[in-house]
Amino acid sequence: MGLLHHTGRVVADYCTGAGYAILLMLRAARHIDGSFRKIPEIAGHLYVYGIRTFPVTAVMGIFFGAILALQTGIELDKFGQVEAIGMVVSAAMCREMGPFITGLVLTATVGSNMAAEIGTMRVSEEIDALEIMAIDPVRFLVMPRLLALVLVCPILTILVDFLGVTGGMFVSVAQLGVAGEVYREQALEVLRYSSTIFDLPKDVYTGLAKSFVFGLTIGTVGLSAGMRAEGGALGVGRAVRRAVINSLLLIIILGYYMTWICYR
Amino acid sequence: MIRLVKVCKRLGGQNILRELTLHVERGEVFAIMGGSGTGKSVTLKHMVGLLEPDRGEVWIDGANLAVLNRAQLKGLRRRFGYLFQSGALINWLNVGDNVALPLREHTRLGRTDIQQRVAERLRWVRLIGDEHKMPAEISGGMKKRVGLARAIVLNPDIVLYDEPTSGLDPVTARAIRALIREVNDRLEATSVMVTHDILDATDTADRIGFLFDGRIEFVGTPAEVERTDNARVKNFLKGLDDQTSVAEAVPS
Ligand SMILES: Nc1ncnc2c1ncn2[C@@H]1O[C@H](COP(=O)(O)OP(=O)(O)OP(=O)(O)O)[C@@H](O)[C@H]1O
Ligand SMILES: [Mg+2]
């Protein structure tokens, strides 16, 4: 009975949390027309979310590409197929790993930061103060942050794609003895091979679609965790943890389903 | 102007307000006194709809808060100024921007007009030259005064103050009391002030209500409060526990 009761509570909590998050996202979307007035503020967020996180994202991207090249290169070599390494790295980065790595980094940096920032404002009554001043916190706080993150995520993803492929190239040339020319040719070939929209290869645009969804997810989860924080500084800590865990889970789950839809 | 009718509120497993009934007249300064943790802040939050009563009604200027929709509530809130107990300054805006925020959001005033108004309100609360400090860099008493400046920057016609003078030195506290009175009279506003300090209440307020056990137990003018023979009020003002009478508590 106790266990059942507890499980029920946890499930109910999750459902209210998810409902709140979705509503928050929709309410933020409704205020999107006010974004022009807030361009300077949004630019500030873009800078923090994009430029400040770039070094971490870049290192992750380069080394992930390198690992990918090394691991698969060793296997491919057994079949005498090591020349194809560029293809493997490029496809893996653009389809999956670019958006995923970007999502991870943004969850850890921006998502947690949003939950902490908004959560602090919630528990110190700043959000109540906004409401009493008849300033809608969704328009004032949520919309600019969410929009900035949604814009940043695809941009960072493209950079990570590129850096990952480059990292793979270093390894391939230096350690696997593949000619740089061949690697580059292979890396581009796999992208050219797929269908395109607006000149973007399918592998790239599905990756971008993913990163767009990831950006929206990370922002919505982080901001709603912050908005729902309660119980002082401890509550803020809980909000941050909840934001990070839920973002990570959603990224991997949504990532799977989007792959399934796009590549079935 | 403000009418709470039999408001009940349960928070954290405790009945905080128990059929609290309270009527604040237009144009007066009403002080709410009561022990720490008795629900004074909770009462104030009910008046702006930050908390909703479990049972009972809150009426503001003839409108029942419970039946207002979002837009109507927003419209009503523009008429309010609210000083939070903690100040509740937006932590990433500096002092000047905090005070300017309502002006930027709700008026079409230009840059210089806003600057002037902000400087004026900061002067009223005796803060000069601190415009560029961040909330984290100023003291608790200063935060409160910035919050006060922000609460009255739009010339509200209902102002709610949660402990406006706590944490201030006697000189500043006195100035703030005078300010509250002046804002009330000059703007023809209605003010409610939550306080621990009997001086706040007797110097500033037209009427004082005492909150004990989740309801307003006694209401009267400062003169009436002074002459009352309500034992709880008398004990409270003398700093005595309800249970112990004066004779027992003071060692002979
Ligand atoms: N959000 C909340 N959740 C649970 N309990 C709460 C909440 N807000 C207030 N309480 C409880 O309600 C009671 C009254 O709180 P309130 O802040 O109104 O006290 P107060 O009279 O303003 O005290 P003080 O003079 O110290 O500010 C306290 O016992 C507090 O624990
Ligand atoms: Mg209080």
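Residues numbered from 1 in each chain as written. Chains lettered and ligands numbered in written order. Predicted model: local features only at pLDDT ≥ 70, side-chain atom pairs only at ≥ 80, totals over all residues. Heavy atoms only, no water.

Thoughts on the sheet that holds strand 9 (residues 207–212) of chain B
Residue and element names in this part refer to chain B.
Argument step 1. In space, the 6 strands of this open sheet follow the order 6-7-8-3-9-10, with mixed pairing throughout. The open sheet has two edge strands with one neighbour each: strand 6 (80–83) and strand 10 (215–220). The sheet shows a mean angle of 15 degrees between the axes of neighbouring strands, taken without regard to direction.
Argument step 2. The sheet contact formed by strand 9 and strand 10 spans 5 bridges and is antiparallel. Looking at the pairing, Ile208 lines up with Gly220 of strand 10.
Argument step 3. Sitting on the sheet, helix 5 (residues 140–151) is in contact with strand 6 and strand 7 (158–162), with an inclination near 175 degrees to strand 6. (Pairing = 2+ DSSP bridges. Helix = DSSP H or I, 4+ residues; strand = E, 2+ residues; numbered from the N terminus. Axes fitted to C-alpha atoms, helices over the stretch in contact; angles between N-to-C directions. Contact = heavy atoms within 4.5 Å.)

Remarks on the interface of chain A and chain B
Argument step 1. Contact with chain A, which involves 20 residues of that partner, is made by 21 residues of chain B.
Argument step 2. When chain A packs against chain B, the two sides together hide about 1800 Å² of surface, and 59% of this comes from carbon and sulfur.
Argument step 3. Taken together, chain A and chain B are joined by 2 salt bridges.
Argument step 4. One salt bridge connects Lys45(B) with Glu125(A), and the closest N-O pair in it is separated by 2.6 Å.
Argument step 5. For the pair chain A and chain B, the number of links is 7 residue pairs in polar contact (both at pLDDT 80 or more). (Buried area = accessible area lost by both parts, 1.4 Å probe. Salt bridge = Lys/Arg side-chain N within 4 Å of Asp/Glu carboxyl O. Polar contact = N/O pair within 3.5 Å; in protein donor to acceptor, adjacent residues only side chain to side chain.)

Considering the side chain of Thr107(A)
Argument step 1. Among the structural elements, Thr107(A) can be located in helix 4 (residues 85–123).
Argument step 2. If we skip the residues at most four places from it in the chain, Thr107(A) touches Ser112(A), Ile218(A), Val244(A), Ser247(A), Leu248(A) and Ile251(A).

Regarding a nonpolar patch on the surface
Residue and element names in this part refer to chain A.
Argument step 1. Side chains of Val10, Tyr14, Ile245, Leu249, Ile252, Ile253, Tyr256, Tyr257, Trp260 and Ile261 sit close together on the surface and give an oily, nonpolar patch of about 1000 Å² of accessible area.
Argument step 2. Of all the elements in the fold, those that place two or more residues in the nonpolar patch are helix 1 (2–30) and helix 9 (232–263).
Argument step 3. Ranked by residues supplied to the nonpolar patch, first place goes to helix 9 with 8 residues.
Argument step 4. As for its position among the elements, Ile253 is in helix 9. (Patch = residues over 30% accessible without salt bridge, like charges linked within 9 Å, V, L, I, M, F, W, Y side chains within 5 Å. Areas by Shrake-Rupley, 256 points an atom, 1.4 Å probe, with all protein chains shown as cover.)

Description of a positive patch on the surface
Argument step 1. On the surface, a cluster of positive charge is made up of Arg30(A), Arg70(B), Lys74(B) and Arg78(B).
Argument step 2. Mapped onto the elements, Arg70(B) comes out in helix 2 (residues 70–77).
Argument step 3. The class of Arg70(B) is exposed, set by a relative accessible area of 63%. (Lys, Arg positive; Asp, Glu negative; His and termini not counted. Charge placed at Lys NZ, Arg CZ, Asp CG, Glu CD. Buried < 20%, exposed > 50% of the residue type's maximum accessible area, 1.4 Å probe, protein only.)

By themselves, these observations are geometric and do not establish any function.
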